[in-house]
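Results of the structural survey
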Amino acid sequence: GVVSLVKNVLIGIIVMLYLLNIKDTLAAQSKKIIYSLLSLSAANEFIDKCRFIHKVFGGFIIGKLVDSLIIGVLTFVWLSIIEMPYAVLISVASPTSSPSSVPLSERSPAPCCCCW
C-alpha cells in the first residue's frame, strides 16, 4: 500500500545519500582490493577499463538528461503557445516517450520517403 511505498522511498533516499557521502572511501577501498588481488599491470588495466566505462556511461546519462530537458522545455513552450490544458504535465511526461528514449530494437520502421 501507500505506507509501504513511502517507507521504501525513504529507505532508498537514505541509502542513496549514505552511498553518495562515502563514495570516495568506497573508491579508495575498491582500488586497494584490486591492487591486492591482481598483479600491478593487470590492476592498472582493470582500473583504466573501469575509468573508461565510467566516462562512457556518465556521458550517456548526461546526454539523455540534456536531451530530455530540451524536449520537455520545447513541448511546454509549444503547448503554452497553443493554450493546451495540462501543458506542464504533458511536457514532463513527453521526454520519456521521445524517440531518442526508445531503444532502436523497439522502434517502428520509418516510412520510406524516397518512393514517389
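All right, on to the overall build of the protein chain then. Tallying secondary structure elements over the protein chain gives four helices and zero strands in all. Looking at the protein chain as a whole, 9% of its 116 residues are labelled buried. Carbon and sulfur atoms make up 74% of the accessible area of the protein chain, which amounts to about 9900 Å² in all.

Here the focus is the confidence of the model for the protein chain. Note that predicted coordinates carrying low pLDDT should not be read in detail. In this model, the protein chain carries an average pLDDT of 86, and 83% of its residues clear a pLDDT of 70 or more. Within the protein chain, no element has a lower average pLDDT than helix α4 (residues 87–93), which sits at 88, and none a higher one than helix α2 (residues 23–37), at 95. Low pLDDT (under 50) marks residues 112–116, which in the prediction has zero contacts with non-local residues, meaning those over four places away or in another chain.

Locating S94 in the fold gives a position in the segment after α4. Since its relative accessible area comes to 14%, S94 is described here as buried. At 3.2 Å, the side chain of S94 forms a polar contact with the side chain of T75.

Attention shifts here to the packing of α2 against helix α3 (residues 40–81). Their axes nearest at 8 Å, the elements α2 and α3 cross at an angle of 145°. Read as a crossing pair, α2 and α3 show a hand that is right-handed. Between α2, through K31, I34 and Y35, and α3, the contact on the second element is made entirely by L40, A43, N44, F46, I47 and R51. When the residues that make up the contact of α2 with α3 are grouped by side-chain class, the tally is six nonpolar, one polar and two charged.

Quick look at the pattern of salt bridges now. The full count for this structure, using the stated rule, is two salt bridges. With its nearest N and O atoms 3.3 Å apart, the salt bridge here joins K49 to E45. In this pair, K49 and E45 are both assigned in helix α3, four residues apart and thus about one turn of the helix distant. Note on E45: relative accessible area 45%, which makes it partly exposed. Taking the shortest distance from any N to any O, the salt bridge between R51 and D48 comes out at 4.0 Å. Linking R51 with D48, this pair stays in helix α3, spanning three residues, or about one helical turn.

What counts and what doesn't
- Residue indices begin from 1 for each chain and proceed along its sequence in written order.
- Where local features are concerned, this predicted model is filtered to residues with pLDDT of at least 70; where side-chain atom pairs are given and counted, the filter is 80 or more; whole-chain, interface and lining totals use all residues.
- With hydrogens and water stripped out, all remaining heavy atoms of the structure feed into the side-chain values.
- Runs of H or I in DSSP of at least four residues are treated as helices and runs of E of at least two as strands, each being numbered from the N terminus.
- Relative accessibility under 20% of the residue-type maximum defines a buried residue, over 50% an exposed one, and the middle range a partly exposed one, all with a 1.4 Å probe and only protein chains included.
- In short, Shrake-Rupley with a 1.4 Å probe defines the accessible areas, and a residue's cover is counted only from the protein chains shown.
- Looking at any residue, its pLDDT shows the predictor's confidence there, from 0 to 100.
- Should any heavy atoms of two residues lie within 4.5 Å, those residues are counted as being in contact.
- The definition of a polar contact used here is a pair of N or O atoms within 3.5 Å, where within protein one atom must be able to donate a hydrogen and the other to accept one, and adjacent residues in sequence count solely through side-chain atom pairs.
- Only C-alpha atoms enter the line fits that serve as axes; for helices the fit covers just the stretch in contact. Angles between N-to-C directions range over 0 to 180 degrees.
- Note on convention: the crossing is left-handed when the near helix lies turned anticlockwise from the far helix by less than a right angle, right-handed when the turn is clockwise.
- Three classes are used, and their members are as follows: Ala, Val, Leu, Ile, Met, Phe, Trp, Tyr, Cys and Pro are nonpolar, Asp, Glu, Lys and Arg are charged, and the others, Gly among them, are polar.
- Counted as salt bridges are all cases of a side-chain nitrogen of Lys or Arg within 4 Å of a carboxyl oxygen of Asp or Glu.

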